[in-house]
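Single-letter residue listing:
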Amino acid sequence: FPTYRYIMVIQKNTNCLDSIIASNFSKYARGYDRHARLQKMMAERLASFLPKETPNQVLEIGCGTGLFTKHLLAHQIEKIILNDISDEMVKCLQIKLSLPRSSTIMVGNAEVMPFQAVDMITANAVFQWFKAPGETLRLLNSYVNPEGKLIFSTFGPATLAEFRKTASIESPALLLSLNTWKKLIKGAGFTLKSSTSDIHKSFYPSTLSLLKNLQQLGAAPNRMTSSGGLRHLIREYDENFSTKQGVYATWELFYFSAINKP
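Description of the structure in this document. (Residues numbered from 1 in each chain as written. Predicted model: local features only at pLDDT ≥ 70, side-chain atom pairs only at ≥ 80, totals over all residues. Heavy atoms only, no water.)

**As for the overall build of the chain**
Phase 1: Scanning the chain for helices and strands turns up ten helices and nine strands.
Phase 2: Burial status across the chain gives 51% buried among its 262 residues.
Phase 3: Taking the contacts inside the chain whose residues are at least 6 apart along the sequence as the reference set, 77% of them involve residues at least 24 apart. (Helix = DSSP H or I, 4+ residues; strand = E, 2+ residues; numbered from the N terminus. Buried < 20%, exposed > 50% of the residue type's maximum accessible area, 1.4 Å probe, protein only. Contact = heavy atoms within 4.5 Å.)

**Concerning unusual backbone geometry**
Phase 1: Its identity as a non-glycine residue notwithstanding, Glu147 has a phi of 70°, on the positive side.
Phase 2: Examined against the element boundaries, Glu147 turns out to sit in strand 6 (residues 144-155).

**Structural notes on helix 5 (residues 87-96)**
Think of an α-helix as turning once every 3.6 residues; residues three or four places apart then point the same way.
Phase 1: For helix 5, every residue scored as buried is listed here: Met89, Val90, Cys92 and Leu93. When helix 5 is viewed along its axis, its buried side chains cluster within an angular range of 155° and face the same direction.
Phase 2: With a side-chain oxygen lying 3.4 Å from the backbone nitrogen of Glu88, the N-terminal cap of helix 5 falls on Ser86. (Arc of directions from axis to C-beta. Polar contact = N/O pair within 3.5 Å; in protein donor to acceptor, adjacent residues only side chain to side chain.)

**Re the packing of helix 6 (residues 133-141) against helix 8 (residues 178-187)**
The description of two packed helices rests on the angle between their axes and on the distance between the axes.
Phase 1: For the pair helix 6 and helix 8, interaxial distance at closest approach is 8 Å and the crossing angle is 40°. For the element pair helix 6 / helix 8, the angle class is oblique. Pair helix 6 / helix 8 crosses with right-handed handedness. Touching Pro133, Gly134, Leu137 and Arg138 of helix 6 are Trp181, Leu184, Ile185 and Gly187, all from helix 8. (Axes fitted to C-alpha atoms, helices over the stretch in contact; angles between N-to-C directions. Parallel < 35°, antiparallel > 145°, perpendicular 65-115°, else oblique. Left-handed = near helix turned anticlockwise from the far one by under 90°.)

From the geometry alone we can't say anything about function, so treat these as descriptive.
Below, the structure written as structure tokens:
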């Protein structure tokens, strides 16, 4: 039996979109790691932003199945708080990772949850799901001790540009520019220490496999087209974005490191 604390936060003001996002991630939680190659790569890159001196208390937002958590656990952290909106994702993390006794798991929407003060907040491929990122960053700033750190990765507006153009749909995630994120970070009271961006192309055997991959990640658009429209989308995507390696999709990746300067 686990010796750490497990807290399920019931939020009365959770809206329909929050429930859909949580449901999507929970539905595909058990197979998530098999399809999350990009998120694993991002976790490894984000780990390079961790400070050499390990903070005593760390909060990870959107821990999911633990792709980035394992990098945190490689350090001697005195106390770690893990948060995710999906209880099923957290269950997978608990099976996969051995958590220290001082751990706390908090299931719920980080945008409206109360957290205790910590020395560092981290999040890998999560902040694109925030509905009000500026307000949420200000809230998170209030939970970071003076000289504490914020380290996170997210996706930029070029992400899945080919797919969104072909399907004529908006992204279910909020894809802000690098400069917009910088302004939001500073506006929330953090001092930006470093930031970087990468363009990554992923290849899939076919457009259908791309769609299935997005679905298995819980990131597929909530409202897809009719079956006839879907066939047209697949045909058009195959025609326009095929290579010898398969069809490709672009991902724009952002990484940030900031500090809470009083």
